[in-house]
Amino acid sequence: MVTELQLNPTRVVEDRVVTTVCSYCGVGCNLELHLKDDFIFKVTSPFDSPVNHGNLCVKGRFGYDYVYHPKRVTTPLVRRYLLEGKPKPEGREQVFAISMDGKPIPNSQISNDWDWVATNWDTALDMVAENLVRIYQRDGSDAMAVYCCAKATNEDNYLLQKMWRALFRTNNVDHCTRLCHAGSVVALQKAIGSSAMSNTASQVIMNDVFIVTGSNTGENHPIIALQMKEAVQKHGAKMIVVDPRRIDLVDFAELWLPLKPGTNVPVFSAMAHVIVKENLVNWDFVNRRTEGFQEFVESLEKFTPEYAEEISGVPAEDIRKAARMYATAKNGAIYWGMGISQLSHGTASALALIHLAFLTGHVGRDGTGLNPLRGQNNVQGASDMGAMPFHYPGYMRVDNEDNARKWEAAWNIEPGGLSRKLGLTTTEILGHAHEGGIRALYIMGENPMMSEPNLNETRKHMTHLEFLVSQDLFINESGAFADVFLPAASFAEKDGTFTNTDRRVQRVRTALSPRGQARPDWKILCDLATRLERRLKRGSSSKWDYESPEEILREMASVNSDYAGITYERIAKVGLQYPVPDMNHPGTPTLFKETFPSGRGKFIPLDYVPVMEQADDEYPFILTTGRLLEHWHGGTMTRHSSLNEAYPEARVEIHPADAEMHGITNNMPVRVTSRRGEIVLRATVTEKTSVGVVFIPWHFAEAAANLLTNDALDPQAKIPEFKACAVQVFPAREDELPNPEVEVRRGRY
Ligand code: SF4
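About the thresholds
Residues numbered from 1 in each chain as written. Predicted model: local features only at pLDDT ≥ 70, side-chain atom pairs only at ≥ 80, totals over all residues. Heavy atoms only, no water. Buried < 20%, exposed > 50% of the residue type's maximum accessible area, 1.4 Å probe, protein only. Helix = DSSP H or I, 4+ residues; strand = E, 2+ residues; numbered from the N terminus. Arc of directions from axis to C-beta. Contact = heavy atoms within 4.5 Å. pLDDT = per-residue confidence, 0-100. Pairing = 2+ DSSP bridges. Axes fitted to C-alpha atoms, helices over the stretch in contact; angles between N-to-C directions. Near = heavy atom within 4 Å. Nonpolar A, V, L, I, M, F, W, Y, C, P; charged D, E, K, R; others polar. Salt bridge = Lys/Arg side-chain N within 4 Å of Asp/Glu carboxyl O. Polar contact = N/O pair within 3.5 Å; in protein donor to acceptor, adjacent residues only side chain to side chain. Core = buried A, V, L, I, M, F, W, Y, C linked by side-chain atoms within 4.5 Å. Lys, Arg positive; Asp, Glu negative; His and termini not counted. Left-handed = near helix turned anticlockwise from the far one by under 90°.

J.: Explain helix α13 (residues 305–312) residue by residue, including any values.
T.: Structurally, the α-helix is built with 3.6 residues per turn, so residues lying three or four positions apart point the same way. The set of residues buried in α13 consists of P305, A308, I311 and S312. Projected down its long axis, α13 carries its buried residues within an arc of 125°, all on one side. Looking at the packing, one finds that the buried side of α13 touches α10 (264–277) and α14 (316–328). G313 sits one or two residues past α13 and shows a positive phi near 85°.

Here it is as structure tokens:
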């Protein structure tokens with residue numbers, strides 16, 4: 001729908017301007033939504049924003065129109081069989097299509113009992129409550145699971161994990177942090193006892209030398225990339241890019257180490273080897289702030305630059321150069337993304353980076369740091385709020401008695417009432433979807449049918465669920481399996497807070513009234529929890545009648561000291577970076593100045609473990625996956641926005657030498673196969689990718705990269721190996737290309 005307001009935004013005089021936060025990536029750019037008659041016609045950004053200084057990328061500037069998309073569902077929906085009290089019909093794997101005008105229609109091959117029927121909130125919420133309680137009372141806590149949402153607010157996530165823990169007494173609570181930075185989180189927790197980014201992103205201009213690795217920052221965190229380029233061009237910083245792809249930052253880098261996917265440990269351990277052998281160690285830091293150095297040094301012996309070259313393909317001399325540059329910098333920093341963590345040894349990859357910071361003392365000062373760039377707009381906040389199976393809000397372990405007692409008191413639960421058992425992770429939850437395992441799953445805003453690896457397996461698991469609730473803006477690939485759909489308000493239609501990648505808690509504000517009957521997530525959850533509590537008939541009751549999101553945040557902050565000094569009033573103009581332990585505290589731009597939360601930083605000796613699948617004769621390429629500037633994750637938002645016109649179809653990037661050898665030309669349809677599935681899409685022949693490596697973005701349901709990826713897990717972090725699996729690429733015919741409008745929600749899924 002293109003309106004006069006969109007065609008001529010500069011000629012419109014706004015009714016009002018609402019300041020809020022971007023709903024896409026973890027940078028957390030501040031937005032000004034310009035409104036006329038309940039319609040956003042323009043987005044700008046305040047120049048005095050400390051996060052983005054008036055800059056926005058294409059998603060923040062133009063990617064908001066999904067809010068008005070005609071396919072958005074704005075009425076609660078239930079399946080006909082539920083409304084009519086019939087048993088659940090067979091054939092759940094036959095997924096429903098969404099018609100072009102946005103109305104859900106049944107696949108003609110399956111029973112009409114699967115039809116969506118529009119209903120009112122009372123009916124929908126009663127059905128959800130009735131079925132969840134029925135399953136809980138029959139099968140117990142272990143049958144219940146929930147996916148919280150890294151795109152929803154802190155308040156929404158706090159409430160949802162509270163609901164599952166307080167009412168169903170389970171820690172089967174997780175969200176997509178498991179699929180992005182779980183390896184980084186576990187490594188940082190083991191080494192220093194804290195998993196958040198140590199410094200502020202904009203401090204990059206204070207770096208002399210910085211390493212960017214496993215992060216296509218220019219497309220995934222564009223405003224941080226802008227600051228990195230500024231650091232190089234205006235402040236004389238030297239950038240080292242360590243990445244298999246020739247990402248745009250390489251043009252600004254002093255040095256590029258194009259390693260093979262999954263060879264981070266040998267490359268970074270070889271840098272550590274050089275730092276030790278050439279006595280570039282910051283002894284004062286190592287002696288005062290770390291432990292385990294001697295054993296670690298012994299483990300480094302085999303990681304010579306030549307050994308690393310053999311495995312990674314990076315010239316040994318470049319590894320030496322990088323080590324010297326980083327170690328001799330006055331202020332060195334490391335920024336990393338999912339190329340480090342999304343591996344079956346993601347924890348070890350992140351530890352290898354942490355060791356470099358320990359050896360050189362490049363942490364605990366402004367302009368240094370260990371900086372995992374968090375993906376989703378509120379993945380940091382959702383993690384802080386306890387949307388994870390091992391932690392309550394504030395990273396308090398669920399198996400610690402004192403922590404459990406604190407939250408029992410806060411939630412008015414009898415002593416011993418909360419489960420002390422560690423919960424299941426996202427991938428494990430679906431893997432346990434069978435008789436005797438997980439029976440009920442509640443998904444708020446996530447899309448496992450796009451984001452999990454090995455989607456053909458995921459699809460089977462989805463069909464084994466007894467009851468699935470989807471709370472979202474659209475019926476996406478996962479919502480198509482749901483029994484009840486609850487329409488949620490978008491970021492522009494609700495209040496709350498997001499916490500960005502550098503721990504800044506910022507206000508999200510209501511600019512529009514929710515479309516149709518859609519409701520803010522926190523309100524849906526309050527209404528549902530009240531119903532659940534009534535049915536469960538427990539002796540005590542927790543609070544669910546919140547007046548506002550601020551009241552929810554205050555409850556969380558009364559136990560989580562990191563947020564204790566954060567109020568909506570204090571963050572009205574500029575967000576605060578936690579820890580903010582009291583009302584007078586100014587926030588903490590740089591962590592670990594004196595000590596680490598665990599005391600001394602721990603060196604942890606590493607071994608090199610290859611990725612689970614190597615290229616071979618049958619599957620000669622390594623597939624690596626990632627994001628594009630114009631799109632976002634599973635595509636639920638950007639593929640319903642005008643950004644989809646800028647990049648409308650999936651493409652696989654292949655190096656010219658490989659393309660020639662396999663008879664592939666630019667734009668040619670190709671079939672990509674792995675041991676788990678196949679997709680057909682167009683080829684882009686480009687030197688952006690390396691010889692032997694192909695790249696596919698994961699946004700396109702009709703050619704979903706995750707049909708190919710490997711579901712091997714990191715044993716510690718339980719994160720899947722999205723970044724490396726073996727594939728083959730063949731020429732295909734034009735008529736084999738998928739039609740996005742037809743294929744997305746039909747047989748292929
Ligand atoms: Fe939004 Fe991230 Fe782009 Fe900023 S950089 S406008 S937060 S998508």
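J.: Describe unusual backbone geometry, listing the residues and the values that go with them.
T.: Cis geometry marks the peptide bond from Y578 to P579, where omega comes out at 0°. If you trace the backbone, P579 turns up in the loop between β23 (576–577) and β24 (601–602). Phi is positive for H53, which is not a glycine, with a value near 45°. Looking at where H53 falls in the secondary structure, it is placed in the loop between β3 (39–44) and α2 (58–62). Even without glycine at this site, R503 takes up a positive phi of about 70°. Looking at the secondary structure, you find R503 in the loop between β21 (496–499) and β22 (504–508).

J.: Explain the confidence of the model for the chain residue by residue, including any values.
T.: Of the residues in the chain, 95% reach a pLDDT of 70 or more, and the chain-wide mean stands at 92. Below pLDDT 50 for its whole length, residues 94–107 participates in 40 contacts with residues either more than four positions away or in separate chains. Of the regions scoring below 50 in pLDDT, residues 742–749 engages in 31 contacts with residues more than four places distant in sequence or in other chains.

J.: If you had to explain the pairing of strand β10 (residues 209–213) to someone new, which residues and values would you point to?
T.: β10 sits mainly inside the fold: 5 of its 5 residues count as buried. A two-sided burial pattern is seen for β10, the buried positions comprising V209, I211 and T213 on one face and F210 and V212 on the other. Summarising the sheet, β10 and strand β11 (residues 238–242) pair through 5 bridges and their orientation is parallel. Residue pairing for β11: T213 is matched across the bridge by V242. Pairing between β10 and strand β14 (residues 332–336): 5 bridges, direction parallel. Pairing of V209 across the sheet is with G332, part of β14.

J.: Summarise the sheet that holds strand β1 (residues 16–21); cite the residues concerned and give the values.
T.: Spatially, β1-β2-β3 is the arrangement adopted by the 3 strands of the open sheet, whose pairing is antiparallel. Only two strands of the sheet have a single partner each, and these edge strands are β1 and β3. Neighbour-to-neighbour, the strand axes of this sheet turn through a mean angle of 30°, independent of strand direction. Strand direction decides the pairing type here: strand β2 (residues 30–36) and β3, joined by 5 bridges, are antiparallel. Considered in β3, the bridge of L35 is made with I40.

J.: Lay out the site of the ligand with the relevant residues and their values.
T.: Taken together, the neighbourhood of the ligand is formed by C22, Y24, C25, V27, G28, C29, L56, C57, K59, G60, P222 and I223. At the level of elements, α2 and α9 (222–235) are the ones that each hand at least two residues to the shell around the ligand. Grouping the constituent residues of the shell around the ligand by class yields 9 nonpolar, 2 polar and 1 charged.

J.: Before we move on, could you go through the pattern of salt bridges and cite the residues and values that matter?
T.: For the coordinates displayed, the defined rule picks out 58 salt bridges. Measuring nitrogen to oxygen at the nearest pair gives 2.7 Å for the salt bridge that ties E466 to R138. Of this pair, E466 sits in the loop between α21 (455–463) and β19 (467–472) while R138 sits in helix α4 (residues 121–139), placing them 328 residues apart in sequence. Accessibility expressed as a relative area gives 19% for E466, which makes it buried. For R138, a relative accessible area of 45% puts it in the partly exposed group. With a shortest N-O distance of 3.7 Å, R324 and E317 are connected by a salt bridge. On the basis of relative accessible area, E317 is assigned to the partly exposed category, the value being 41%.

J.: Account for the side chain of D483, naming residues and giving values.
T.: Inspection of the secondary structure assignment puts D483 in the loop between β19 and β20 (484–487). Classification of D483 as buried rests on a relative accessible area of 0%. Only 2.6 Å separates the side chain of D483 from the side chain of Y81, close enough to count as a polar contact. A polar contact of 2.7 Å, which involves the side chain of D483, links it to the side chain of K88.

J.: How would you summarise the nonpolar core if you had to cite specific residues and measurements?
T.: Grouped burial of nonpolar side chains is what soluble globular proteins tend to show. In terms of nonpolar packing, the biggest core is built from 124 residues, with L132, M163, W164, F210, Y442 and L486 touching the most fellow members. In terms of residue count, α4 provides more of this core than any other element does, 10 residues in total. L486 has contacts with W121, A124, L125, V128, Y442, V469, S470, Q471, D472 and I524, leaving out every residue within four places of it along the chain. Counting residues in hydrophobic clusters, the runner-up holds 57 residues, among them L257, V297, V363 and L606.

J.: Describe the side chain of R165, and please don't skip the residues or the numbers.
T.: Residue position: R165 is located in helix α5 (residues 154–168). The charged side chain of R165 is buried without a salt bridge, its nearest counter-charge being D174 at 8.3 Å. Every residue in contact with R165, bar those within four places of it in the chain, is listed here: T170, N171, V173, G386, M388, P389, H391, Y392, V398, W411 and L418.

J.: Describe the packing of α10 against α14, and please don't skip the residues or the numbers.
T.: Between α10 and α14, the least distance of the axes is 9 Å, while the angle of their chain directions is 65°. Handedness of the α10/α14 crossing: right-handed. Contacts between α10 and α14 involve V267, A270, M271, V274 and I275 from the first element and I319, R320, A322, A323 and A327 from the second. By residue class, the composition of the contact of α10 with α14 is 9 nonpolar, no polar and 1 charged.

J.: An account of the environment of V274 is needed here, citing residue identities and associated values.
T.: Looking at the secondary structure, you find V274 in helix α10. Residue classification places V274 among the buried residues on the basis of a relative accessible area of 2%. Along the backbone, V274 and G85 are 189 residues apart, and their C-alpha atoms lie at a distance of 69 Å. Setting aside anything within four residues of it in sequence, one finds V274 in contact with P305, R320 and A323.

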